Amino acid sequence: MASFTLLALVVSVLGVLPLLAAKRLQAAGVMASVAFVAILPMLALAVPSLVWPWWGMPGILVVLLWVICPVIDILISNSDQPDEPIKIRTAPLYMTAVLVSVMVLSGFRGCTAFTAGEYANLIGDVDEKVWNQDIQPKDPRHIRMASLENAIALAEQQLGKGGAIGSQFQLLKSGATAQFVNGKFVTVVPLDYASFSAWSSSKGVPGYVVVDNEDPRAEASLVMLPDEKKFVYTPSAYWGYNLERHLWWNGFATKGLDDFTLEIDDSGKPWWTVTVFEPTIYCWGEKMTGVVAVDPVSGVTEFYPVGKIPDWVDSAMPRKFAKSYVDFRGKYSLGWINADIWGHKDLTKADGYPLLVFGSDGVPYFVVSVTSVNDKDASQVGLYYFNTRTGKATYYKASGSTESAVVNAVNKNEQVQFKHLHGSVPQIYNIYGTMCSVVPLLNESHLFQGVAIVDVANIQVMGIGKDQFEALRAFQKALPVSGRQVAPELSRKVETLEGKVSRVAVINQNGDATFYMVLESVPHLFTCGISLCPEKLPVTEVGDTVRIEYYGSGERIEPLHAFDNTSLKIEGTDSEKEVREAGADVLDKAAVVQEKATTRTKVGELSDEEVQTILSKRNAGK
């Protein structure tokens, strides 16, 4: 309380400077006393951050007092002669005008007309690449099936089963965050006090809810804590146990705080993690400087600067920072005049809201799709990957369809319409080197009913199933359509293999035949649609020698790109041969173009030292 008292005293004294300049000492003393009594509880209740220019809220209160000072001076000057014309002394009015003008004019420091370049560069240095097969693939076992809204709905169902606990505690929806806990992709939703009476009559928050992001049909888990580990410091607690107030008193009064979330460390211990930031363009342009972790039981704090944030913190960067950086760069890269006055060239914006995914490198990323500012434009021009622990952004040039176009295509699918389902928030993944949207399917009650996997480059190519695995198999069958899918084919790593068939099966489901095959000494199951090679696949038997091309994803089940049973010699007409050779020639030429583009991208990423090494080796070989 001493800090708030001192702050209120400083605000009160600064606020009566115009009266002191007019030598209204008694009036200044009275006004300062009244202001102190009024301001102290305001500051104590609001816990204002002092990170902003002019101290933020305290500075605004000072300006309000400056505006009141000339009015008080006028009333005093004319109180003894009520019948005379109103007299206005210039000293307090001039003082107020100067002080207010200085504060207002300083605000132009954040105007985009003068700082468009700074806003565009908030995103920092961006690595630009072309989307191809070296993008980190997502393991289908960790595809996010439960959106944040679905996770909260499942958590609410679980809380309702917790009996009387719901009368005192509620879900802190703003504190929910997706994260990896002991190798599982989950969303942790904390509980918090429902009211002041609940806080005052309980010994702490009893736990939190864990929702499985990979299996939305799985029941959420309510984790109950023993009495000695109940949360004492929370965002909804009161007085010194309020999380934000606790941080204010422990060295973070002059720091920006955002995104209060609950995360679980490697030992299973929960921590409140709060983003620490600072404004870089007057009151705007927030940049993350680190994360402060708070023990919910003891209140012990630990600050981790950017670059030293531990791996168990998966959501250090607020998602709204990522979205605003994308919007600022897309709008102001060519200047303020182009953005707001004339030209409007190459203006882009974030398409939808950033979604948290995990790469195969174990790093959490916010993925942000980018489209033009034209609301009628349904095309995607690229996407950003933000490392959530460092804020580092990578931009991938990639054409495709926007989120709204993908969801619209899914909703118009015959299977989806027949079952009265609708698509939820799409999530971008790299599946077999192809940029795809994974769209959870919900029924009219917003319950999970299935998944659609859609190729964003061609939204007509999609796989639908009751879960991600069935949808993945359907998507595999949709990919290798001869002569139609050139770009997606080239964006995957295709490997060639010859061997003997040890097992084979054809499964008919929903009118479609799917071919499965195992080769001797090869630890993978290969699969494709019969349409890939309709003349040989149906009659392939155990013992036949085959030559295959497949997408080398490293998974147990690999989709086939091409198939030939060399044990079978089937002759075709000359016309069939010409068509087949022409189609292969188109693919080969397109492959060369794609390989050149990929090579150029990789060469552009070489360091000066690597380029010098290559040149030295070339010169040595002459």
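A brief report on the enclosed structure follows. (Residues numbered from 1 in each chain as written. Predicted model: local features only at pLDDT ≥ 70, side-chain atom pairs only at ≥ 80, totals over all residues. Heavy atoms only, no water.)

1. Points about the overall build of the protein chain
Helix and strand counts for the protein chain stand at 18 helices and 24 strands. Burial status across the protein chain gives 47% buried among its 622 residues. For the protein chain, long-range pairs separated by at least 24 residues make up 56% of all intrachain contacts whose partners lie at least 6 apart in sequence. About 30800 Å² of surface is accessible on the protein chain, with carbon and sulfur atoms providing 56% of the total. (Helix = DSSP H or I, 4+ residues; strand = E, 2+ residues; numbered from the N terminus. Buried < 20%, exposed > 50% of the residue type's maximum accessible area, 1.4 Å probe, protein only. Contact = heavy atoms within 4.5 Å. Areas by Shrake-Rupley, 256 points an atom, 1.4 Å probe, with all protein chains shown as cover.)

2. Observations regarding the sheet that holds strand β1 (residues 126–130)
Strand order in this open sheet of five strands is β1-β14-β13-β12-β11, and the pairing throughout is mixed. The two strands at the open ends of the sheet, each matched to only one other strand, are β1 and β11 (348–358). The mean angle between the axes of side-by-side strands here comes to 25 degrees, regardless of whether they run parallel or antiparallel. (Pairing = 2+ DSSP bridges. Axes fitted to C-alpha atoms, helices over the stretch in contact; angles between N-to-C directions.)

3. Observations regarding the packing of aromatic side chains
Evaluation of the coordinates by the stated rule reveals 27 aromatic pairs. Judged by centre distance (5.5 Å) and plane angle (25 degrees), the rings of Phe180 and Phe185 are stacked. Taking relative accessible area as the criterion, Phe180 reaches 23% and is therefore assigned partly exposed. Taken together, Trp52, Phe277, Phe321 and Tyr325 form an aromatic cluster joined through their ring pairs. (Phe/Tyr/Trp six-rings, centres within 6.5 Å; stacked < 30°, edge-to-face > 60°.)

4. Here we look at empty space enclosed by the protein
Scanning the entire structure with this criterion turns up two cavities of 30 Å³ or more. Leu355, Val357, Val367, Ser369, Glu403, Pro426, Gln427 and Ile428 together form the lining of the largest cavity. Residues belonging to the lining of the largest cavity are distributed by class as follows: five nonpolar, two polar and one charged. (1 Å grid on protein atoms, 1.4 Å probe; cavity = no way out; pocket = protein on both sides within 12 Å on 5 of 7 lines; lining within 4 Å. Points joined across faces, edges and corners; volume = space filled by probe spheres on them. Nonpolar A, V, L, I, M, F, W, Y, C, P; charged D, E, K, R; others polar.)

5. Some remarks on the pattern of salt bridges
Tallied over the full model, the rule gives 16 salt bridges. One salt bridge connects Arg329 with Glu128, and the closest N-O pair in it is separated by 3.1 Å. Of this pair, Arg329 sits in helix α11 (residues 319–332) while Glu128 sits in strand β1; the two residues are 201 residues apart in sequence, bridging distant segments of the chain. Owing to a relative accessible area of 40%, Glu128 belongs among the partly exposed residues under this scheme. When the shortest N-O distance is used, the salt bridge between Asp258 and Lys320 registers 2.8 Å. Of this pair, Asp258 sits in strand β7 (residues 256–264) while Lys320 sits in helix α11, placing them 62 residues apart in sequence. The partly exposed category is assigned to Lys320, whose relative accessible area is 42%. If you follow the salt bridges from partner to partner, you end up with Asp311, Asp314 and Arg389 in one network. (Salt bridge = Lys/Arg side-chain N within 4 Å of Asp/Glu carboxyl O.)

6. Here's the deal with the sheet that holds strand β8 (residues 270–281)
Strand order across the open sheet formed by four strands is β7-β8-β9-β10, with antiparallel pairing between neighbours. Pairing within the sheet leaves two strands with one partner each, and these edge strands are β7 and β10 (301–305). Across this sheet, the average inter-strand angle for adjacent strands is 30 degrees, counted without regard to direction. Where strand β9 (residues 284–294) meets β10, five bridges bridge the pair, whose relative direction is antiparallel.

7. A look at the nonpolar core
In terms of nonpolar packing, the biggest core is built from 73 residues, with Leu383, Tyr384, Phe386, Val410, Ile431, Val438 and Ile453 touching the most fellow members. The element best represented in this core is strand β17 (residues 434–442), accounting for six residues. Dropping the residues within four chain positions of it, Val438 is found in contact with Ile143, Met145, Val425, Pro426, Gln427, Tyr429, Ile431, Val451, Ala452 and Ile453. Among the nonpolar cores identified, the runner-up in size contains 36 residues, and Leu159, Val186, Val205 and Ala220 belong to it. (Core = buried A, V, L, I, M, F, W, Y, C linked by side-chain atoms within 4.5 Å.)

8. Some details on helix α15 (residues 468–478)
With eight of eleven residues buried, α15 is to be regarded as a mostly interior element. Three or more residues of α15 are buried, namely Gln468, Ala471, Leu472, Arg473, Ala474, Phe475, Gln476 and Ala478.

9. Considering a nonpolar patch on the surface
Together, Trp54, Tyr94, Val98 and Val102 line one region of the surface with nonpolar side chains, adding up to about 410 Å² of accessible area. Positionally, Trp54 belongs in the loop between α3 (25–46) and α4 (57–78). (Patch = residues over 30% accessible without salt bridge, like charges linked within 9 Å, V, L, I, M, F, W, Y side chains within 5 Å.)

10. Here's the deal with the pairing of β9
The sheet contact formed by β8 and β9 spans nine bridges and is antiparallel. Counterpart to Thr275 in the pairing with β9 is Val291. What sits between the antiparallel neighbours β9 and β10 is a turn of six residues, in which Gly299 has the positive phi angle 85 degrees.

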